[in-house]
Amino acid sequence: MSDVLDDLFAVIEERKETLPEDSYTASLFTHEKGQNAVLEKLGEETTELVLAAKDDDHEEIAHESADIVYHLLVLLAMKDMDLADLRAELSERR
């Protein structure tokens, strides 16, 4: 799991730097709403996850969970944070 998150975060950071026109990730960094676009997506995906869990839809739970993790990583990149910050916080909670 760690490798997948590291790889995904590296792609997000690369898209943040290069801002390719055809990239959804890059569009989040340049959106007219700024960080609110990502915050809205996190809220939307969280609601969808809650509904999937309520319906006990395992496939949809996995899908929406992945959406939340992705948008969380974008938010961390927007705030000039990285996975080390997240890992440190989680490690402290063990």
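Report on the accompanying structure. (Residues numbered from 1 in each chain as written. Predicted model: local features only at pLDDT ≥ 70, side-chain atom pairs only at ≥ 80, totals over all residues. Heavy atoms only, no water.)

Next up on the list: the pattern of salt bridges. Scanning all chains against the criterion turns up eight salt bridges. For Arg15, the salt bridge identified is with Glu14, shortest N-O distance 3.5 Å. The class for Arg15 is partly exposed, based on a relative accessible area of 29%. In this structure, Glu44 and Lys41 form a salt bridge, with 3.1 Å as the shortest nitrogen-oxygen distance. Of the two residues, Glu44 and Lys41 are both situated in helix α3 (residues 35-54); the distance of three residues between them amounts to about one turn of the helix. (Salt bridge = Lys/Arg side-chain N within 4 Å of Asp/Glu carboxyl O. Buried < 20%, exposed > 50% of the residue type's maximum accessible area, 1.4 Å probe, protein only. Helix = DSSP H or I, 4+ residues; strand = E, 2+ residues; numbered from the N terminus.)

This next bit is on the side chain of His71. Here His71 shows up in helix α4 (residues 58-78). Within the structure, His71 has its side chain in polar contact with the backbone oxygen of Asp67 (distance 2.8 Å). (Polar contact = N/O pair within 3.5 Å; in protein donor to acceptor, adjacent residues only side chain to side chain.)

It is worth spelling out a negative patch on the surface at this point. The grouping of Asp56, Asp57, Glu59 and Glu60 at the surface amounts to a negative patch. Along the chain, Glu59 turns up in helix α4. By relative accessible area, which is 70% here, Glu59 ends up exposed. (Patch = residues over 30% accessible without salt bridge, like charges linked within 9 Å, V, L, I, M, F, W, Y side chains within 5 Å. Areas by Shrake-Rupley, 256 points an atom, 1.4 Å probe, with all protein chains shown as cover. Lys, Arg positive; Asp, Glu negative; His and termini not counted. Charge placed at Lys NZ, Arg CZ, Asp CG, Glu CD.)

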